[in-house]
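So you can see what is in the structure, the chains are spelled out below.
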Amino acid sequence: MAKIKLGKIATKAPKNLDKDATKKKLAAIQGELDELQNLLYAEGKHSILVVIQGMDASGEDGLIRDVFGCMNPQGVQVTSFKVPTPEELSHDFLWRIHEHAPAKGMIQVFNRSHYEDVLVTRVHNIIDDKTAIKRMAAINDFEKLLINHNNTHIIKLYLHVSHEEQLARLQERMEVPQKMWKYNAKDIEESQLWDTYMGYYEEVFNKCNEPEWNIIPADQNWYKSYLVAKLLRDALVELKMKYPGMKK
């Protein structure tokens, strides 16, 4: 398998792609997702885990709204992982993650995930390289456990925004009233560590790539949402689900 190099992957839609036509396709897929999620919930044989990673301002929240907002909220759960609490730190690093693994019939979305524990922790020298390698091996085992023992289908997404677009979005948070609530001075500091983050992300992609990562161009929200909705739709269709009959 060729190693993933983020600098060689586009962050924008192809120039000849029609924006309006793509938005219409997205709307059609959203209708399909509504029905497929209902089928997943009714059949109760499979679960879906969507892992979303990305740099600050890569558009995780908007993506979740666009792709998962069309579904029955009873069948979709979203969890965001912040800085570990003292209780969480007293356990192994995956303890707080496993609690939120999806039950059969459910779609679980991780807005940031267990991968933060081998990314931000390395950037800020909280763990060393030896510990990070052990953690990545544990992550691979954890994901295999979900796949092999709970029929969990894992879709891993990296929202690939350019550094220039990220800086523009962070600037908006200081200027646009509707976005000021998102402003965090630390985001600018983290942005200055861009190259370091990219290096560690590339290592994650190459050491934890089963199931494989989907690198999603994220400079344009309409294209990002279309790609992810299509990925999810196709994954659900492949399950060949059927509604169960009446209970006797």
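What counts as what
Residues numbered from 1 in each chain as written. Predicted model: local features only at pLDDT ≥ 70, side-chain atom pairs only at ≥ 80, totals over all residues. Heavy atoms only, no water. Helix = DSSP H or I, 4+ residues; strand = E, 2+ residues; numbered from the N terminus. Buried < 20%, exposed > 50% of the residue type's maximum accessible area, 1.4 Å probe, protein only. Contact = heavy atoms within 4.5 Å. Areas by Shrake-Rupley, 256 points an atom, 1.4 Å probe, with all protein chains shown as cover. Lys, Arg positive; Asp, Glu negative; His and termini not counted. Charge placed at Lys NZ, Arg CZ, Asp CG, Glu CD. Expected span 1.5 Å × (residues − 1). Polar contact = N/O pair within 3.5 Å; in protein donor to acceptor, adjacent residues only side chain to side chain. Pairing = 2+ DSSP bridges. Phe/Tyr/Trp six-rings, centres within 6.5 Å; stacked < 30°, edge-to-face > 60°. Lys NZ or Arg CZ within 6 Å of the ring centre and 35° of its normal.

Draft legend 1. Here's a closer look at the overall build of the chain. Helix and strand content of the chain: 10 helices and five strands. Overall size of the chain, expressed as C-alpha extent along the three principal axes, is 60 × 45 × 40 Å. In the chain, buried positions account for 47% of the 248 residues. Contacts spanning at least 24 positions in sequence make up 82% of the contacts within the chain whose residues lie at least 6 apart. Accessible area of the chain: about 13500 Å², with a carbon and sulfur share of 52%. Of the side-chain charges in the chain, 34 are positive and 35 negative, and the distance between the mean point of each set is 5 Å.

Draft legend 2. Just helix 10 (residues 221-238), in detail. In this model, helix 10 (18 residues) spans 26 Å end to end at C-alpha, consistent with the 26 Å of a helix rising 1.5 Å per residue. Trp 222, Tyr 223, Lys 224, Ser 225, Tyr 226, Leu 227, Val 228, Ala 229, Leu 232, Arg 233 and Leu 236 are the residues of helix 10 that are buried. Check the buried side of helix 10 and you find it contacts helix 1 (19-43), strand 1 (47-54), helix 2 (60-68), strand 4 (152-160) and strand 5 (213-217).

Draft legend 3. Highlighting the side chain of His 114. Position of His 114 among the secondary structure elements: in the loop between strand 3 (107-111) and helix 5 (120-123). Polar side-chain contacts of His 114 include one of 3.1 Å to the side chain of Glu 143. Each residue touching His 114, except ones within four places of it in the same chain, is listed here: Val 51, Phe 93, Leu 94, Ile 97, Ile 139, Phe 142 and Glu 143.

Draft legend 4. Layout of the pairing of strand 5. Of all five residues in strand 5, five are buried; the element is thus mostly enclosed. Burial along strand 5 is two-sided: the face carrying Trp 213, Ile 215 and Pro 217 and the face carrying Asn 214 and Ile 216 are both buried. With five bridges connecting them, strand 4 and strand 5 associate as parallel partners. Residue Lys 156 lies in a different strand from strand 5, and its bridge partner there is Trp 213.

Draft legend 5. Examining the packing of aromatic side chains more closely. Enumeration over the complete set of coordinates arrives at seven aromatic pairs. An aromatic cluster is present here, built from Tyr 115, Tyr 158, Tyr 201, Phe 205 and Trp 213 joined pairwise through their rings. Between the NZ or CZ atom of Arg 135 and the centre of the ring of Phe 93, over which it lies, the distance is 4.7 Å.

Draft legend 6. Structural context of helix 1. Between the first and last C-alpha of helix 1 there are 35 Å, a value that for 25 residues agrees with the 36 Å anticipated at 1.5 Å per step. Those residues of helix 1 not exposed but buried are Thr 22, Leu 26, Ile 29, Leu 33, Leu 36, Gln 37, Leu 39, Leu 40 and Glu 43. Where helix 1 is buried, its residues contact strand 1, helix 2, strand 2 (76-80), strand 3 and helix 10. Near the N-terminus of helix 1, the side chain that reaches the backbone nitrogen of Asp 20, with its oxygen 3.1 Å away, is that of Asp 18. One or two steps after helix 1, the chain reaches Gly 44, where phi turns positive at roughly 65 degrees.

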